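One letter stands for each residue in the lines below.
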Amino acid sequence: MWPSRNRDPSVICLACGSEVPRSTAREYDKYGDRWDREDKAFEHLCKPCYNDLCHLPREGLEALLVDLEAGESDQAAFLAGYLRAVEERYGPLEEGS
């Protein structure tokens, strides 16, 4: 029997858990630097989940989450602390229209 011609490995979308072909997935780098590929293992997103992401710059976000000990308290307490920290660092939040 001939080997399969489908050599496109599958990856799992980190957002929804769907299994998708690697060629149709989008690479995700939590540090926002997907161009520096040395010694890096990427996670992947399916196209619908990737399109749902906010594509605004996120410089300093990881450090802020570490400072706030994200994942260590309940959601309400974390969000209150996050909003407070963002206003302290960047000024008052504006509501979108």
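Just so you know, these numbers come straight off a predicted model, no measurement behind them.

Asker: What is the right way to read the nonpolar core from this model?
Answerer: Soluble, globular proteins show a tendency: their nonpolar side chains are buried together. Counting seven residues, the largest nonpolar core is built from Val11, Cys13, Val20, Ala25, Leu45, Cys46 and Cys49. Those residues in contact with Val11 that sit more than four places away from it in its chain are Ser18, Glu19, Val20, Arg22, Ala25 and His44.

Asker: Can you walk me through helix 3 (residues 75–90) in this structure?
Answerer: For an α-helix the count is 3.6 residues per turn, leaving residues at separations of three or four pointing the same way. Taking 1.5 Å as the rise per residue, helix 3 with 16 residues should run 22 Å; its terminal C-alpha atoms sit 22 Å apart, in good agreement. Every buried residue belonging to helix 3 is among Phe78, Gly81, Ala85 and Val86, and all of these are buried. Seen end-on, helix 3 carries its buried residues on one side only, within an arc spanning 135°. Those residues of helix 3 that are exposed and angled more than 90 degrees off the buried face are Ala76 and Arg84. Check the buried side of helix 3 and you find it contacts helix 2 (61–67). Measuring from the side-chain oxygen of the N-cap residue of helix 3 to the backbone nitrogen of Ala76 gives 3.1 Å; that N-cap residue is Asp74.

Asker: Help me out: how do you make sense of the pattern of salt bridges in this one?
Answerer: Pairs can form between side chains of opposite charge once their charged atoms are near each other. As enumerated under the stated definition, the model contains two salt bridges in all. Between Arg89 and Asp67 there is a salt bridge; the shortest N-O distance is 2.9 Å. Here Arg89, found in helix 3, pairs with Asp67, found in helix 2; they are 22 residues apart in sequence, far enough to count as distant. Judged by its relative accessible area of 42%, Arg89 is partly exposed.

Scoring rules and cut-offs
- Residues numbered from 1 in each chain as written.
- Predicted model: local features only at pLDDT ≥ 70, side-chain atom pairs only at ≥ 80, totals over all residues.
- Heavy atoms only, no water.
- Core = buried A, V, L, I, M, F, W, Y, C linked by side-chain atoms within 4.5 Å.
- Buried < 20%, exposed > 50% of the residue type's maximum accessible area, 1.4 Å probe, protein only.
- Contact = heavy atoms within 4.5 Å.
- Helix = DSSP H or I, 4+ residues; strand = E, 2+ residues; numbered from the N terminus.
- Expected span 1.5 Å × (residues − 1).
- Arc of directions from axis to C-beta.
- Polar contact = N/O pair within 3.5 Å; in protein donor to acceptor, adjacent residues only side chain to side chain.
- Salt bridge = Lys/Arg side-chain N within 4 Å of Asp/Glu carboxyl O.

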